[in-house]
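# An overview of the molecular structure
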Amino acid sequence: MKLTEIAVALHAQAGITNDTDINYLLTDSRELGSDAEHTLFIALRTEQRDGADFIAPLFERGVRAFMVRKDVRLRDVYRGASFIFVEDTLAALQDLAAYKRSLCPNCQVIGITGSNGKTVVKEWLYELLKDDYRIVRSPKSYNSQIGVPLSVWQLQPDTELALFEAGISQPGEMEKLERIIRPTMGVITYIGQEHGENFSSIEEKRAEKMKLFKGCSTIIEDATHQNARTCAAVMRALGYEEEVIQERLLKKTHETVLRVNLTALADNVRYFKNLLKPETKLTCMVKAFAYGTGSIEIAECLQECGADCLAVAVCDEGVELRRAGIHLPIIIMDPEVTALSTIIENNLEPNIYSFQSLENIIMVANQSGMEHYPIHIKIDSGMHRLGFDWADMPQLLSRLAEQKAVRVKSIFSHLCVADEPQWDDFTREQIALFSRCADFLIEGLEKRPEYVGHRPMKHILNSAGIERFTEYQFDMCRLGIGLYGFSFSGAQLRNVCTLKSTLLSVKTIRAGESIGYGRHTWLKEDRQIAVIPIGYADGFDRRLGNGAGHVIVRGKRCPVMGNVCMDLAMIDVTGTDAQPGDEAIIFGDQLPIAELAEQLGTITYEILTGVSRRVKRIYYKE
């Protein structure tokens, strides 16, 4: 669509120097792609920021088309740039998307709303139907007042089917989204209490959501709220034969997924930030594939919701984040000697824990022509893993002061029993020793001219420490397992991760028969046995077999029968009326990870990080 067509459609004033084709709409400067020339930046104004502040840096990166409010005063002269001036940029974005929708009158558009399951249903429908239609769909969980118009903008003249999510948080929002999406078929998933603070009841929230469907001839809602059944109903409405539906669903539902709730993650970050002073910085740990949840997507969410810094274990993890566009400072906790050049090339910040590691980074920084490259000094305050001792402080200070290749950005240590009250005296001893070491270094370094305005930060608190020893927050804290809903003070944090599988088959096994490898489970009566496509290669522990573990099917706990296989497991679903395609929850709200960890005699970290990478991650926002 040409810039002039956009201006005419919006009845807007414009100063167009190059009537270029616009292929992409951009509302977040951090998400600029490679085709800046054909991108229109829409400068939205929110409570947190004014998009107009990002015009200059985007212009430097090649963007030449901007939509701004009429009252914006441009601070610079942007030669060769085109501007469209509107009263309200959000309203104009929505109007533009509605206009784009009007250009596709023959497109079948499925609008999907509800409290939970929107993204899963959308993605499943896409996989089920993509071979038969030219389809566009909402990216990720784009279902807000901004996300919906960005989704609808993807429509093209040859689009045959569109799948768009719509979410609301207060009355009056759905009418705006309906005008943009104009669905021809409606799908409503489960409606619960989530984000209900602006509604008097679930009934009121439901009534608001139903406004999306005022122009629909078909509305689909499955009372069991099973995603597979909802998808089957949509396929029936589209005219598919039952045999085709079952064949495709069976193929599709062989999938085991880890669902990651990014809204819950942001809420947990907010909880921990509220415990801290406004000036205290927060580093979030995204090592080990973000504890098994997916480092890039988690890092993007943390970058959006106010993290000051990220930390990973090794260089490769940091490089992956940089290539994905993450611009926050990234600490490398376990920097390999062979990776120091790569660390510097990617603007990553190494943890220095020994004199040898210090000499290594000084040498590489000098070879790279660097001065004052940021490093982080690790103190061993009692965990006895890595770090400098108190006796090392004079020599360490002397070496740091006599060179200019690196500059200390922070000094930190790690608490080993902050979550165990019986060791609180030891934790306080750790904090005291760390503070003594850090203060010695800081007092010495502050006398150096290169540290004027660059006083090293101090940090020692982890997730448990933030809750239980908040008074020692110093300049920064590090948040890890607490991100995913684990509190050490009894706070009601939100569960972020749900591991789900799907019933492949359900059949009656007679009394006297055995189940699984080794014939360790024998039936005393006829039972309904289901098979789920998850095994120990996916992170489903073998110790859960033979009745030791359970999964949730239709709200009921179903014991695991026989040995857990590499790729499959068997469960007893007797009395549940379960059918192939039903969900089986391995862990989540109904079966907490902490309970599973306690049963296996391990910790929540191991459960999360043990989920194999072959398990698909699905990210969504409520």
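Structural data are supplied above this passage.
Residues numbered from 1 in each chain as written. Predicted model: local features only at pLDDT ≥ 70, side-chain atom pairs only at ≥ 80, totals over all residues. Heavy atoms only, no water.

## A word on the sheet that holds strand β14 (residues 330-332)
Read across the sheet, eight strands follow the order β18-β17-β16-β15-β14-β13-β12-β19 without closing on themselves; strand pairing throughout is parallel. A strand with exactly one partner marks an edge of an open sheet, and here the two such strands are β18 (457-459) and β19 (476-479). Ignoring strand direction, the axes of neighbouring strands in this sheet form an average angle of 30°. When strand β16 (residues 373-378) meets strand β17 (residues 406-412), the two strands line up parallel, connected through six bridges. Along β17, the bridge assignment pairs Lys378 with Phe412. In the packing of helix α13 (residues 315-323) onto the sheet, the strands contacted are β13 (309-312) and β14, and the crossing angle to β14 comes to about 160°. (Pairing = 2+ DSSP bridges. Helix = DSSP H or I, 4+ residues; strand = E, 2+ residues; numbered from the N terminus. Axes fitted to C-alpha atoms, helices over the stretch in contact; angles between N-to-C directions. Contact = heavy atoms within 4.5 Å.)

## Comments concerning the nonpolar core
Grouped together as the largest cluster of nonpolar side chains are 109 residues, with contacts concentrated most on Leu302, Leu310, Ile377, Tyr484, Ile571 and Phe587. Ranked by the residues each element gives to this core, the list is headed by helix α17 (residues 424-445), at seven residues. Ignoring any residue separated from it by four or fewer positions in sequence, one finds Phe587 in contact with Leu258, Cys497, Thr498, Leu499, Ile593, Leu596, Ile607, Leu608 and Val611. Membership of the second largest hydrophobic core comes to 24 residues, among which are Ile220, Cys231, Tyr240 and Leu249. (Core = buried A, V, L, I, M, F, W, Y, C linked by side-chain atoms within 4.5 Å. Buried < 20%, exposed > 50% of the residue type's maximum accessible area, 1.4 Å probe, protein only.)

## Considering the state of the cysteines
Throughout the structure, instances matching the rule amount to zero disulfides. The thiol of Cys305 is not disulfide-bonded; the next cysteine sulfur, from Cys301, is found 4.6 Å away. You can see Cys309 has no disulfide; the closest cysteine sulfur is in Cys284, sitting 8.9 Å from it. For Cys309, a relative accessible area of 5% translates into the label buried. (Disulfide = S-S within 2.5 Å.)

## Description of the environment of Val72
Inspection of the secondary structure assignment puts Val72 in the loop between β4 (65-69) and β5 (82-86). Distance in space between the C-alpha atoms of Val72 and Val86 is 10.0 Å, their sequence separation being 14 residues. Those residues in contact with Val72 that lie beyond four places of it in its chain are Arg45 and Ala52.

## Section: the packing of aromatic side chains
What the rule picks out here adds up to 11 aromatic pairs. Consider the rings of Phe66 and Phe83, whose centres lie 5.3 Å apart with planes at 20°: the pair is stacked. Of this pair, Phe66 sits in strand β4 while Phe83 sits in strand β5, and the two are 17 residues apart along the sequence. Like Phe83, Phe66 is buried. One aromatic cluster is present, built from ring pairs that chain together Phe41, Phe59, Phe66, Tyr78, Phe83 and Phe85. A cation sits over an aromatic face here: Arg259 above Tyr620, 4.0 Å from the ring centre. Geometry around Phe289 places Arg613 over its ring, the cationic atom sitting 3.7 Å from the centre. (Phe/Tyr/Trp six-rings, centres within 6.5 Å; stacked < 30°, edge-to-face > 60°. Lys NZ or Arg CZ within 6 Å of the ring centre and 35° of its normal.)

## Concerning the pattern of salt bridges
Taken as a whole and judged by the stated rule, the model has 38 salt bridges. When the shortest N-O distance is used, the salt bridge between Asp572 and Arg527 registers 2.8 Å. With Asp572 in strand β27 (residues 569-572) and Arg527 in strand β24 (residues 527-532), this residue pair connects regions lying 45 residues apart in the sequence. Looking at Asp572, the relative accessible area reads 7%, which means it is buried. (Salt bridge = Lys/Arg side-chain N within 4 Å of Asp/Glu carboxyl O.)

## Notes on empty space enclosed by the protein
Throughout the structure, instances matching the rule amount to three cavities of 30 Å³ or more. Each pocket or cavity is described by its volume, and for the largest cavity that value is around 70 Å³. Lining the largest cavity are Val120, Trp124, Asn227, Glu255, Thr256, Val257, Arg259, Lys500, Ser501, Thr502, Glu583 and Ile618. Those elements that place two or more of their residues in the lining of the largest cavity are α4 (118-129), β11 (257-261) and β20 (497-502). (1 Å grid on protein atoms, 1.4 Å probe; cavity = no way out; pocket = protein on both sides within 12 Å on 5 of 7 lines; lining within 4 Å. Points joined across faces, edges and corners; volume = space filled by probe spheres on them.)

## Remarks on the side chain of Ser501
As for its placement among the helices and strands, Ser501 is situated in strand β20. Assessed through its relative accessible area of 1%, Ser501 is described here as buried. Within the structure, Ser501 has its side chain in polar contact with the side chain of Thr256 (distance 2.9 Å). Non-local contacts of Ser501, meaning those with residues more than four positions away in its chain, are made with Glu255, Thr256, Ile532, Pro533, Ile534, Asp582, Glu583, Ala584 and Ile586. (Polar contact = N/O pair within 3.5 Å; in protein donor to acceptor, adjacent residues only side chain to side chain.)

## Some remarks on helix α19 (residues 593-600)
Residues Ile593, Leu596, Ala597 and Leu600 constitute the buried set of α19. For α19, the arc enclosing every buried residue in end-on projection is 100°, short of the 170-degree limit, so these residues lie on one face. Looking at the buried positions of α19, the neighbouring elements they touch are β28 (583-587) and α20 (604-609). At the exit of α19 stands Gly601, carrying a positive phi of roughly 70°. (Arc of directions from axis to C-beta.)

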